[in-house]
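Take a look at the letters that make up each chain.
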Amino acid sequence: MTLTGHTIKRFGIEARYFDVHKPQELEALIDEKTKLILFESITNPSIDVPDFEGIVKIADAHGILTVVDNTVATPIHCKPFALGCDISVHSTSKYTTGQGLAIGGVIVERENLVEKIRGNPRYYHFNEPDASYHGLVYTDVPLPPFTLRTRLALLRDLGAAPSPFNSWLFIQGLEHLPLRMKQHSQNAQAVAEFLEAHPKVKKVNYPGLKSDVNYSYAQKYIKGGCSGLLSFEVESYEEALKIVDKTELFSLVVNIGDSKSIITHPASTTHQQLSHEELLAAGVPEGLIRLSVGLEDSEDLIDDLKQALEG
Ligand SMILES: *Cc1c(COP(=O)(O)O)cnc(C)c1O
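Residues numbered from 1 in each chain as written. Predicted model: local features only at pLDDT ≥ 70, side-chain atom pairs only at ≥ 80, totals over all residues. Heavy atoms only, no water.

Caption draft 1: Representation of the overall build of the chain in the model. Regarding its fold elements, the chain presents 13 helices and nine strands. Judged by the C-alpha coordinates and their principal axes, the chain covers about 70 × 45 × 35 Å. Put simply, the chain has 311 residues, and 47% of those count as buried. The contacts in the chain between residues at least 6 apart in sequence include a share of 64% that link residues at least 24 apart. Approximately 16,000 Å² of the chain is accessible, and the part contributed by carbon and sulfur atoms is 56%. Charge separation in the chain, taken as the distance between the mean sites of 29 positive and 41 negative side-chain charges, equals 4 Å. (Helix = DSSP H or I, 4+ residues; strand = E, 2+ residues; numbered from the N terminus. Buried < 20%, exposed > 50% of the residue type's maximum accessible area, 1.4 Å probe, protein only. Contact = heavy atoms within 4.5 Å. Areas by Shrake-Rupley, 256 points an atom, 1.4 Å probe, with all protein chains shown as cover. Lys, Arg positive; Asp, Glu negative; His and termini not counted. Charge placed at Lys NZ, Arg CZ, Asp CG, Glu CD.)

Caption draft 2: Structural view of the sheet that holds strand S4 (residues 105-109). Pairing in this open sheet of four strands is mixed, and the strands run S1-S2-S3-S4 from one edge to the other. Taken across any chain shown, the strands that pair with only one partner, and hence form the sheet edges, are strand S1 (36-40) and S4. Ignoring strand direction, the axes of neighbouring strands in this sheet form an average angle of 20°. Relative to strand S2 (residues 65-69), S1 runs parallel, the two being bridged by five bridges. Within the sheet, the bridge partner assigned to Leu36 lies in S2 and is Leu65. Sheet strands in contact with helix H3 (residues 52-61) are S1 and S2, and its direction is about 170° off that of S1. Along the sheet, helix H7 (residues 145-158) makes contact with S2, strand S3 (87-91) and S4, crossing S4 at roughly 145°. (Pairing = 2+ DSSP bridges. Axes fitted to C-alpha atoms, helices over the stretch in contact; angles between N-to-C directions.)

Caption draft 3: Here's a closer look at a nonpolar patch on the surface. Judged by side-chain polarity, Phe11, Ile13, Leu154 and Leu158 come together as a nonpolar surface patch covering roughly 430 Å² of accessible area. The residue Leu154 is located in helix H7 in this model. (Patch = residues over 30% accessible without salt bridge, like charges linked within 9 Å, V, L, I, M, F, W, Y side chains within 5 Å. Salt bridge = Lys/Arg side-chain N within 4 Å of Asp/Glu carboxyl O.)

Caption draft 4: Representation of a negative patch on the surface in the model. Among the surface-exposed residues, Asp297, Glu299, Asp300 and Asp303 lie close enough to one another that they form a single negatively charged patch. Looking at the secondary structure, you find Asp300 in helix H13 (residues 298-310).

Structure representation (structure tokens):
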């Protein structure tokens, strides 16, 4: 929301919003200026899994690029190109590093993306000579056009370049990402099942639970587990504050994707500037608690939540 509602707005770029379970909403939002359809494979913080097929179908019919933020699902659990998407982006500050060691991101484009961009009037800037680069036409060279343009036109001018040391940290993290994701997902599933059965918990949001509205989407698009992010709702703001204060293994911070478990109370931290009504409109009830389930023993994590809920 900060990126699309504020930062890119200052560049003259307008963002319009759609419900990821109602791709038909896109039809009324698309016009001749639409450049991208951006969505997350598992949304943060609402933890929804989108209707990939419906979104991709509409995007392709209009010749618009789809960009998937795959930060939470990671390439271990979701393969956006196999689902027909065009570009996959990740914050590497989360599961890639796994320990919150550095801030960074990656952009990956699918093979043969040039076929969707070449001659497409939406992307005239890829098809006309770029005066800032000796008249280069991005779709004329045998290189991935989106990546090339990102490097030449943005990375060079705006300086979004990672340092060698941070890049090295990310590569270290990638080596054990598959093992970690498996454990994050198993732990989160166990924690979600525990919470769902607890009398003090009103609702649990986790796409791996059969009761979750995202379950059928997750079955289709998310494989081998649903990652480590979940949220649950307790009775009140005060109750939530008490719980996040009482956990010992879960640290009260706002990052996600760390090896160590994290607990967040959005209403008193990340979303504290919003009024009661605005919180509800943003899908953040005052008693909502978000967990980023880490790699500790799942029984220890459950014991910690149990004492915090019941203490
Ligand atoms: C954290 C996050 C980002 C932003 O990443 P930074 O590396 O902190 O800039 C983008 N997308 C998702 C889904 C995230 O969770």
